[in-house]
Amino acid sequence: MPTETRLETGSPWIELGTTDADYDAADPVLLGTMLGQLHLIRAFEETVLELAGEGLVHGPAHSSIGQEGGAVGSIVGLRSTDAVNGSHRGHHQFLAKALTHVSGGVIDPAAAVTPKIQRVLQRTLAEILGLAQGYCRGRGGSMHLQWFEAGALGTNAIVGGGVPMGAGNAWAQKHSGTTDLTISYFGDGSSQIGSVLESMNLAAAWKLPFCFFIENNLYAVSTRVDEITADPRLSVRGQGFGIPGWRVDGMDPLAVHLATTQAAERMRGGEGPAVIEVEVYRFFHQNGSYPGSAFGYRDKDEEAQWRARDPLEKMAAQMTRRGLIDQAGVAELRRQAQEAMTSAVAELLETDPESAGKRRIRPELWPDPSFVNVGVRGDAGELSALEVLEPTAHQGPWRELKFIEAVAGVMDRRMATDERIVIFGEDVHRLNGGTNGATKGLAKYGEQRLVGTPISENAFTGLGGGLALDGRFRPVVEFMYPDFMWVAADQVFNQIGKARHMFGGDNAVPLVLRTKVAMGSGYGSQHLMDPAGIFATSPGWRIVAPSTAADYVGLMNAALALHDPVLVIEHVDLYGTADKVPDGELDYIIAPGTAAIRRAGNDVTVISYLSMVARCAEAIEQTGIDAELIDLRWLDRASIDWDTIEASVKKTNAVLIVEQGARGSSYGGWLADEIQRRLFDWLDQPIERVSGEEASPSISRVLERAAIAGTEEIVVGLEKMRAAMGRA
């Protein structure tokens, strides 16, 4: 018979509850503050549902009524420098953090509404209504509430999407030498999401001061949690990562506060993350003012049982038992909260002159429509004080080196001069410079700045995004291959790319994402894509694609200085090529809006980037066509050099766009559309494009070559244009 030994995980798993004795021992000021916050948040949410019922809330109204105890209990003891983020149902979390910030953590139930608190209530309501005075200037609405000053990092409409970002904030707190912590709120549905579990692993491995706070309200819209997981005890999720867990009655704010205090002691002491699961109940449906029973997925008896456990009633009963307040005092607090919301509404609404008995939002409070694109990215003003050098015009001495040596060399220079730069990626800290030598020589900066990650792109990319938003560091995230961006697509496109604009347009997001195109290397369909076309059609990103070592230096320096996320695309064909850079320190930039003319000509404008620039030069030489060759360098909508393109097209009246990759995700398709819209009257023939085929490159050397474009395909494209010009 085999021997069997029952094993334990080694991580504490605690169910914490309170007794009357705990309430007797609690600070009366703490209890009064929690009761005040509970009533203010409840009155706020009731007002939101009332306005939604009148059709005045454009979009969802995800009420937190019934769930206030979890947010208030966990946040009331936090510092302003501690941080929180959350999910789509986040009004209560945002308000608890903002109210704690402006009140200094003390609210007197007898005089709960100060001018600062009134201002918080009004601005939050204005945001939910989509008005310019809101915290995100009306762009965030109900699901995207952010106020950095208060430590509210932003709520998130993607289930589980904000958790890696919160981990990034915790990384910044730890490595800035603080004892601050971050709490990320998510629900029972998010507890099954890969990005959450990946973040648990990262936070545990790196001992981040990060709390995974699960608001288990039992339902993801209408699906019960026990329908979608074999173990609905969600606080056990951290056990596999060595993270201790607390399970708490979320309808008991003091119990939540005590559990959070225990977890915070661990986090502030450098012992790593914690999981807290609070069992709560939303009194209404996923969205709007009807109970779940109205839709048939809950019964009225269940709802009545949970309503009898209302956290407001729980707190008031315990304070009344201790003689800290009476029924009249509770009623007065309720009146104050409701009056505060009536006042907030009066500032935002007026009688609708066109509909008797109805209200409307004051027209002057809407954002100006011209604000629609402001803040998609910054204005690049941060580059104005930096040294600009144009390699094609450099008259000084040069020094020889390989392209890959320029990649590592410029990062070495920047890390030496800017301690904020931190690199994250798989194997970047090993193999003498990662898989291609791009981080060679950088291990000397230590494991806190050259960080080898698990294979979890969603988590470490999102962590980089949270780190960028924090502002104390400048993360460089490496994707070993660009195809891996689809693993982290939520963090890349929904989070990092949209963050500045979504939260009002002011937040810097200084993140560099490095990756390489590997077409021709035989790595097959899931490793070889060119990501330029995908990123060019996704808001928020800047894109650089260097074709020479000298350009790489200037473009990477600019990318590292910008306050926007920048995709830096490299190509394996260039890594080993002998090249040169201007002699001296690698400190210059090549600014956005600066393309390079690699060859002047009059017959056709050829536009390309990366390794295809050299291929174009070969094809032009073979055909003898007098072509003008433009190396784009900057590829995104805001950074592309339209002046150079327009001047060339007005001279040649013909355009050939060349790229190596697949036709379906083509960058050239986007660029051709833009050129014809801008310069249609100057074109004597349709824009011609050279690209790969529809299929992704295959492993077979023959099929891979057939799938991608090379010099031969460019020659065919040039000859086609010559024929269209009527020249033999």
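Residues numbered from 1 in each chain as written. Predicted model: local features only at pLDDT ≥ 70, side-chain atom pairs only at ≥ 80, totals over all residues. Heavy atoms only, no water.

### Observations concerning the overall build of the chain
Which entries qualify depends on this criterion: A run of H or I in DSSP counts as a helix once it spans at least four residues, and a run of E counts as a strand once it spans at least two, with each numbered from the N terminus. Our radius of gyration is a C-alpha quantity, and the globule rule it is checked against amounts to 2.2 Å times the number of residues to the power 0.38. Buried, partly exposed and exposed residues are distinguished by accessible area as a fraction of the type maximum, computed with a 1.4 Å probe on protein chains only: under 20%, between the cut-offs, and over 50%, respectively. Whether two residues are in contact is decided by their heavy atoms: any pair within 4.5 Å suffices. Under the convention used here, a 1.4 Å probe and the Shrake-Rupley method define accessible areas, while residue burial counts only the protein chains that appear.
When you go through the chain residue by residue, the secondary structure sums to 23 helices and 24 strands. Relative to a compact globule of 728 residues, whose C-alpha radius of gyration would be 27 Å, the chain shows 29 Å and is just as compact. Here the C-alpha coordinates of the chain stretch approximately 95 × 80 × 50 Å along the principal axes. Every one of the 728 residues in the chain was classed for burial, and the buried ones make up 60%. Put simply, 78% of the contacts in the chain that link residues at least 6 apart link residues at least 24 apart. Carbon and sulfur atoms provide 51% of the accessible area of the chain, an area that totals close to 28000 Å².

### Observations concerning the domain arrangement of the chain
Heads up, the rule is: An automatic or database domain assignment is the source of the domain bounds shown. Defined in terms of a 1.4 Å probe, buried area is the accessible area two parts forfeit on being brought together, summed over both. Each salt bridge in this description consists of a side-chain nitrogen of Lys or Arg and a carboxyl oxygen of Asp or Glu lying within 4 Å of one another. N or O atoms within 3.5 Å of each other form a polar contact, as long as, within protein, one can give a hydrogen and the other can take it, and as long as residues adjacent in sequence are counted only when both atoms are side-chain atoms. Put simply, Ala, Val, Leu, Ile, Met, Phe, Trp, Tyr, Cys and Pro go in the nonpolar bin, Asp, Glu, Lys and Arg in the charged bin, and everything else, Gly too, in the polar bin.
On domain assignment, one finds that the chain holds domain 1 (21-365), domain 2 (381-582) and domain 3 (596-725). Contact residues are listed per partner, giving 35 residues for domain 2 and 26 residues for domain 3. Summed over both sides, the interface of domain 2 with domain 3 buries roughly 2400 Å², with 59% coming from carbon and sulfur. Applying the counting rule to domain 2 against domain 3 returns 3 salt bridges. Of the charged contacts in the structure, one is a salt bridge between Arg633 and Glu390, with a shortest N-O distance of 2.7 Å. Where domain 2 packs against domain 3, one counts 15 residue pairs in polar contact (both at pLDDT 80 or more). Broken down by element, the residue count for the side of domain 2 that touches domain 3 peaks at 4 residues, all from helix α16 (residues 532-536). Each residue belonging to the side of domain 2 that touches domain 3 can be placed in one class, and the counts come to 18 nonpolar, 11 polar and 6 charged.

### Some words on the UniProt feature "domain: Transketolase-like pyrimidine-binding" (unreviewed entry) in the chain
The condition that has to hold: UniProt positions are given in the numbering used here, feature names are shortened, and annotations may be inferred rather than shown by experiment.
Within the UniProt annotation, "domain: Transketolase-like pyrimidine-binding" (unreviewed entry) is assigned to residues 401-577. Secondary structure over residues 401-577 splits into 37% helix and 17% strand, and the C-alpha atoms at its two ends are 9 Å apart.

### Some remarks on the packing of aromatic side chains
The criterion, for reference: The aromatic pairing rule takes the rings of Phe, Tyr and Trp, using the six-membered ring of Trp, and pairs them if the centres are within 6.5 Å, calling planes under 30 degrees apart stacked, those over 60 edge-to-face and the rest tilted. We count a charge as sitting over a ring when the NZ of a lysine or the CZ of an arginine lies within 6 Å of the ring centre and within 35 degrees of the ring normal.
Within this structure, the stated rule accounts for 18 aromatic pairs. Ring geometry for Tyr185 and Phe213: centres 4.7 Å apart, planes at 50°, overall tilted. Of this pair, Tyr185 sits in strand β4 (residues 182-187) while Phe213 sits in strand β5 (residues 210-216), placing them 28 residues apart in sequence. For the pair Tyr185 and Phe213, a shared accessibility class is recorded, and that class is buried. In this arrangement the basic side chain of Arg123 is found over the ring face of Tyr135, its NZ or CZ atom lying 4.1 Å from the centre. Over the ring of Trp398 we find Lys580; its NZ or CZ atom is 4.8 Å from the centre of that ring.

### Focus on the pattern of salt bridges
Going through the model one piece at a time under the given rule, you end up with 46 salt bridges. One salt bridge connects Lys444 with Asp412, and the closest N-O pair in it is separated by 3.1 Å. Of this pair, Lys444 sits in the loop between β13 (421-425) and β14 (450-452) while Asp412 sits in helix α13 (residues 403-417), and the two are 32 residues apart along the sequence. For Arg413, the salt bridge identified is with Glu585, shortest N-O distance 3.6 Å. One end of the pair, Arg413, is in helix α13; the other, Glu585, is in the loop between β19 (578-582) and β20 (596-599), with 172 residues separating them in the sequence.

### As for the packing of helix α14 (residues 457-470) against helix α15 (residues 489-502)
Here is the rule we go by: Angles run from 0 to 180 degrees between N-to-C directions of axes, and those axes are lines fitted to C-alpha atoms, restricted for helices to the stretch in contact. Any angle between 65 and 115 degrees counts as roughly perpendicular, while under 35 counts as roughly parallel, over 145 as roughly antiparallel, and the rest as oblique.
Where α14 contacts α15, the axes come no closer than 10 Å and their chain directions differ by 5°. Between α14 and α15, the angle is such that the two are roughly parallel. Facing α14, whose interface residues are Asn458, Thr461, Gly462, Gly465 and Leu469, α15 presents Gln491, Val492, Ile496 and Ala499. Of the residues in the contact of α14 with α15, the class split is 4 nonpolar, 5 polar and no charged.

### Quick word on helix α2 (residues 28-53)
As a reminder, the rule being used: Expected helix span is taken as 1.5 Å per residue step, with the number of steps being one fewer than the number of residues.
For α2, built from 26 residues, the straight-helix expectation of 38 Å at 1.5 Å per residue is met to within 8% by its first-to-last C-alpha distance of 38 Å. Taking burial as the measure, the 26 residues of α2 include 20 buried ones, the bulk of the element. Two to three positions downstream of the cap, the backbone nitrogen of Val29 sits 3.0 Å from a side-chain oxygen, assigning the N-cap of α2 to Asp27.

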